[in-house]
Amino acid sequence: MGKKKLLLNKKYLHHEVDIRNSKKISKIFKAYSKNIKVIIHSAAQPSHDWAKDNLITDFTINAQGTLNLLNSCLQFSKKAVFIQLSTNKVYGDNPNKIKLKEYPLRFKPKDIKRYKNGFDENLSTDNCTHSFFGVSKTYADYLAQEFGKNYNLKVGIFRAGCITGPNHSSAKLHGFLSYLVKSCVVNKRYNIIGYKGKQVRDNIHSYDLLNSFWEFIKKPKKGEIYNIGGGTFSNCSILECIKYIEDNKKIKINLKYTPKERTGDHIWYISNIKKFKRDYPSWKQKYNTKKILDELLKNY
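**Q** Requested: an account of the overall build of the protein chain, with residues and values cited.
**A** From N to C terminus, the protein chain includes 9 helices and 14 strands. Taken over C-alpha atoms, the radius of gyration comes to 20 Å for the protein chain, in line with the 19 Å a tight globule of 300 residues would show. Its C-alpha atoms put the protein chain at 55 × 45 × 40 Å along the principal axes. Of the contacts made within the protein chain by residues no fewer than 6 positions apart, 83% connect residues no fewer than 24 positions apart. Only carbon and sulfur atoms are counted for the fraction: they give 52% of the accessible area of the protein chain, which is about 15800 Å². Computed over 56 positive and 25 negative side-chain charges, the inter-centroid distance for the protein chain is 6 Å.

In structure tokens form, the structure reads like this:
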């Protein structure tokens, strides 16, 4: 595991601690207490498929780990801003219940007027299939809300779509866009899982996401939820991405197709980010899908 703490520069001190270890988390919070101004909680077990076979590990990381951090914040750093990085998977497969129309490269909602901006925070998190990962993240999401509303902590819950960026450490089971680009460019092959590759995701660059956090930090609320993602500004289907890579790199990708989709996987999901934009009008997106893909392709 290496050293417990490593001084990288004068402004950054790294503690290598498992968030499931409540005693060690508490010790860190106690040591810095009122000097802690912001907690950005993005530690998680991120894979749907892996969670199914590792239920206890998945739940203790995503749920118990979140509880440990929130409890320590309450006990030692009550004035700090706490950002909970949640996920659109708290909505389970409810997004799949809308009627969709199939196009050559993607699905689109039939009721385009109603869903022109994507799904907002009023989408139900109930009566659906979540995947076990979705369940553990939903528990953490609700916990963060309650600590904000019941204990009066400055907590923001960001229900993110697909997060990406040039240094994204993607893997087969998570990190959709970065892994797709890496697989296509390096290996010249990609395995499409379900929905004919026409499933749509919005993608938010780490730069834009961190800027949204910064806006919240400057003017925090207590237990507020926000859908955050690329929205209508930055989204794509798998087939659209593959076509863009093939055209850009002048290569042909060898595609394998697995008809059975992942449990709880979304067919069409775009985040309606109007609520966040209304509360934080200074926030502007910089990266659309083309700009994100160009950056990823440059890296490979």
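**Q** If you had to explain the packing of helix α7 (residues 238-249) against helix α9 (residues 289-299) to someone new, which residues and values would you point to?
**A** Between α7 and α9, the shortest axis-to-axis distance is 11 Å and the interhelical angle comes to 55 degrees. When the axes of α7 and α9 are compared, the pair comes out oblique. Of the two possible hands of crossing, α7 and α9 adopt the one that is right-handed. Note on element contacts: α9 touches α7 through K290, L293, D294 and L297, opposite C241, Y244, I245, N248 and K249. Split by residue class, the contact of α7 with α9 holds 5 nonpolar, 1 polar and 3 charged.

**Q** Outline the sheet that holds strand β7 (residues 154-160), listing residues and values.
**A** Taken in spatial order, the 4 strands of this open sheet run β3-β4-β7-β11, and their pairing is parallel. On the outer flanks of this sheet lie β3 (38-41) and β11 (224-228), each paired with one strand and no other. Taken over all neighbouring pairs, the strand axes of this sheet differ in orientation by 20 degrees on average, direction set aside. Examined bridge by bridge, β3 and strand β4 (residues 81-87) share 4 bridges and lie parallel to one another. From the neighbouring strand, I40 faces β4, where its bridge partner is I83. Contacts from helix α3 (residues 55-76) reach β3 and β4 within the one sheet, and its direction differs from that of β4 by about 165 degrees.

**Q** Break down the packing of aromatic side chains for me, with residues and values.
**A** Scanning the entire structure with this criterion turns up 17 aromatic pairs. Relative to W268, the ring of F119 lies with its centre 5.5 Å away and its plane at 70 degrees, an arrangement referred to as edge-to-face. With a gap of 149 residues between them, F119 in the loop between β6 (107-109) and α4 (132-151) and W268 in strand β14 (residues 268-269) connect regions that are remote in the sequence. Both residues of the pair, F119 and W268, belong to the buried class. Ring pairs connect the aromatic residues F158, F213, F216, Y226, F276, Y280 and W283, which therefore count as one cluster. One cation-aromatic arrangement involves K219 over Y280; the distance from NZ or CZ to the ring centre is 5.3 Å. We note K291 situated over the ring of Y287; from NZ or CZ to the ring centre the distance is 5.0 Å.

**Q** Residues and numbers for the pairing of β11, please.
**A** Within a regular strand, the side chains alternate between the two sheet faces. In terms of burial, β11 is largely enclosed, as 4 of its 5 residues are buried. Where β7 lies against β11, 5 bridges are found, and the strand directions are parallel. If you follow R159 over to β11, its bridge partner there is N227.

**Q** Could you give an account of the side chain of S47, naming the residues involved and the relevant values?
**A** One can find S47 in the loop between β3 and α2 (48-53). The exposure class of S47 is buried, given its relative accessible area of 2%. Only 3.4 Å separates the side chain of S47 from the backbone nitrogen of D49, close enough to count as a polar contact. A distance of 3.1 Å separates a polar atom in the side chain of S47 from the backbone nitrogen of W50.

**Q** Requested: an account of the environment of E261, with residues and values cited.
**A** Structurally, the position occupied by E261 is in the loop between β13 (254-258) and β14. With 67 residues separating them in the primary sequence, E261 and G194 have C-alpha atoms 4.0 Å apart. Filtering out sequence-adjacent residues up to four positions away, E261 remains in contact with I193, G194 and Y195.

**Q** Please provide a residue-by-residue account of the pattern of salt bridges, values included.
**A** Taken as a whole and assessed by the stated rule, the structure comprises 13 salt bridges. Taking the shortest distance from any N to any O, the salt bridge between D18 and R20 comes out at 2.7 Å. Residue D18 is classed as partly exposed on the basis of its relative accessible area, which comes to 35%. Two residues, E240 and R106, come together in a salt bridge whose shortest N-O distance is 2.8 Å. Taken together, the residues E240 in helix α7 and R106 in the loop between β5 (100-102) and β6 connect sequence positions 134 residues apart. Each of E102, K196 and K198 takes part in one network of salt bridges that share partners.

**Q** Residue-level account of the environment of I157, with values.
**A** Mapped onto the elements, I157 comes out in strand β7. In the structure, I157 is positioned 65 residues away from K222 in sequence and 9.5 Å away in space, judged by C-alpha atoms. Once residues within four sequence positions are removed from consideration, I157 is found in contact with Q84, S86, D141, A144, Q145, G223, E224, I225 and Y226.

Definitions and cut-offs
Residues numbered from 1 in each chain as written. Predicted model: local features only at pLDDT ≥ 70, side-chain atom pairs only at ≥ 80, totals over all residues. Heavy atoms only, no water. Helix = DSSP H or I, 4+ residues; strand = E, 2+ residues; numbered from the N terminus. Rg over C-alpha atoms; globule rule 2.2 N^0.38 Å. Contact = heavy atoms within 4.5 Å. Areas by Shrake-Rupley, 256 points an atom, 1.4 Å probe, with all protein chains shown as cover. Lys, Arg positive; Asp, Glu negative; His and termini not counted. Charge placed at Lys NZ, Arg CZ, Asp CG, Glu CD. Axes fitted to C-alpha atoms, helices over the stretch in contact; angles between N-to-C directions. Parallel < 35°, antiparallel > 145°, perpendicular 65-115°, else oblique. Left-handed = near helix turned anticlockwise from the far one by under 90°. Nonpolar A, V, L, I, M, F, W, Y, C, P; charged D, E, K, R; others polar. Pairing = 2+ DSSP bridges. Phe/Tyr/Trp six-rings, centres within 6.5 Å; stacked < 30°, edge-to-face > 60°. Buried < 20%, exposed > 50% of the residue type's maximum accessible area, 1.4 Å probe, protein only. Lys NZ or Arg CZ within 6 Å of the ring centre and 35° of its normal. Polar contact = N/O pair within 3.5 Å; in protein donor to acceptor, adjacent residues only side chain to side chain. Salt bridge = Lys/Arg side-chain N within 4 Å of Asp/Glu carboxyl O.

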